[in-house]
Amino acid sequence: MNLYEPCLRDARHHGIVVGVRIPDAPDPVPDPVLGRLPPEEAELARTLRGFRQVQFVGGRLACHEAAAVLGHPLPAVLSGPRGAPRATATGSQPTLSLSIAHKRDLAVAMVARSDNGELGVDLEDLLPARPRIAERVLTAHELAQVQALPEANQWTSVVVRFSVKEAIYKALAPRLQRYIDFMEAEVEPDPDGTCRVRLSLTSGPEPAAIDARYNWLPGRVLSSVQVRWG
């Protein structure tokens, strides 16, 4: 599989998702790859070093590919006040909502029209298991649900809930503009890839609607969330 090229294109419930293969090494991104970015993105990428540069470029390439599949090419995707990628309308083009996530060798982006809601996406490895994070990221109710499962299924349930919570926070952050604690959301995944979500935000407005989904990739879980603010 060629580096910095799409290896996944799909239409999911919340939007178009694209995955781009990135190197599992902090080597500088080659100039021909940087040249595929809009000038403002390429200029910013050149100020980054190591894995930050690799992940930035992979995520932006995935964004542009997803937007092209949607039929709405993006201008430069820079960063909002809290570092999240942001896209704005250009001329008659609609405003797009987008979110980026990455792991060692894969960057993913999801793009949809913003009038459908604000997006959050997350990508997590299933292995190695890290059961100690459960008490840090799950509420007491969630922990009880996980511990009631067969032992072989417990870690998978933890990582799905963790991933969905990360996606929830990415979807909420542009409006709330604050750190959101893991305890401010409870997630109950169903086998069909849907999730029930209960929010208990400590401050700020609650969305009018929130929808959470998860999908399996080889050795990974990909989660997405869409929120509407009414």
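Draft legend 1. Main features of helix α3 (residues 50–70). The terminal C-alpha atoms of α3, which comprises 21 residues, lie 31 Å apart, in line with the 30 Å expected from a rise of 1.5 Å per residue. Remark: glycine 71 follows α3 within two positions and exhibits a positive phi of approximately 95°.

Draft legend 2. Molecular detail of the nonpolar core. With 32 residues, the main nonpolar core has Leu138, Val158, Val164, Ile168, Leu172, Leu199 and Val225 as its most contacted residues. Setting aside anything within four residues of it in sequence, one finds valine 164 in contact with Val187, Cys195, Ala212, Arg213, Tyr214, Ser223 and Val225. Among the nonpolar cores identified, the runner-up in size contains 29 residues, and Tyr4, Leu37, Ala87 and Val111 belong to it.

Draft legend 3. Spotlight on the pairing of strand β10 (residues 209–217). By the bridge criterion, two bridges tie strand β9 (residues 194–199) to β10 in an arrangement that is antiparallel. Opposite cysteine 195, over in β10, you have alanine 212 as the bridge partner. Note: β10 against strand β11 (residues 220–228), nine bridges, orientation antiparallel. Residue pairing in the sheet places arginine 213 in a bridge with serine 224 of β11. In textbook terms, the turn of a hairpin is the stretch between consecutive antiparallel strands, and for β10 and β11 this stretch comprises two residues, one of which, glycine 219, has a positive phi near 75°.

Draft legend 4. Region of the structure containing unusual backbone geometry. Of note, the amide linkage connecting leucine 127 to proline 128 takes the cis form, showing an omega dihedral of 0°. Tracing the sequence through the fold places proline 128 in the loop between β7 (118–125) and α4 (134–137). For tyrosine 4, which is not glycine, the phi torsion reads 60° and is therefore positive. Within the fold, tyrosine 4 resides in the segment before β1 (6–12). Despite not being glycine, glutamine 177 shows a phi value in the positive range, around 55°. Structurally, glutamine 177 can be placed in the loop between α6 (151–176) and β8 (185–189).

Draft legend 5. Focus on the environment of tyrosine 214. Relative to the helices and strands, tyrosine 214 is located in strand β10. With relative accessibility at 9%, the residue tyrosine 214 sits in the buried group. Counting along the chain gives 82 residues from tyrosine 214 to arginine 132, while the straight-line C-alpha distance between them is 22 Å. Among the polar contacts made by the side chain of tyrosine 214, one reaches the main-chain carbonyl oxygen of aspartate 190 at a distance of 2.4 Å.

Draft legend 6. The sheet that holds strand β5 (residues 96–103), seen in detail. The antiparallel open sheet is built from four strands, whose spatial order is β1-β2-β6-β5. In this open sheet, the two edge strands, each paired with only one partner strand, are β1 and β5. Here the average twist between neighbouring strands, direction ignored, is 15°. Sheet analysis places strand β2 (residues 15–21) next to strand β6 (residues 106–113), joined by six bridges and oriented antiparallel. Counted as the bridge partner of valine 17 is methionine 110 from β6.

Draft legend 7. The arrangement of the packing of helix α5 (residues 140–147) against α6 in detail. Close contact between α5 and α6 brings their axes to 9 Å; oriented N to C, the two are set at 150°. Judged by the angle between their axes, α5 and α6 are roughly antiparallel. Only Gln154, Ser157, Val158, Arg161 and Lys165 of α6 make contact with α5, whose side of the interface consists of Glu142, Gln145, Val146 and Gln147.

What counts, and at which threshold
- Residues numbered from 1 in each chain as written.
- Predicted model: local features only at pLDDT ≥ 70, side-chain atom pairs only at ≥ 80, totals over all residues.
- Heavy atoms only, no water.
- Helix = DSSP H or I, 4+ residues; strand = E, 2+ residues; numbered from the N terminus.
- Expected span 1.5 Å × (residues − 1).
- Core = buried A, V, L, I, M, F, W, Y, C linked by side-chain atoms within 4.5 Å.
- Buried < 20%, exposed > 50% of the residue type's maximum accessible area, 1.4 Å probe, protein only.
- Contact = heavy atoms within 4.5 Å.
- Pairing = 2+ DSSP bridges.
- Polar contact = N/O pair within 3.5 Å; in protein donor to acceptor, adjacent residues only side chain to side chain.
- Axes fitted to C-alpha atoms, helices over the stretch in contact; angles between N-to-C directions.
- Parallel < 35°, antiparallel > 145°, perpendicular 65-115°, else oblique.

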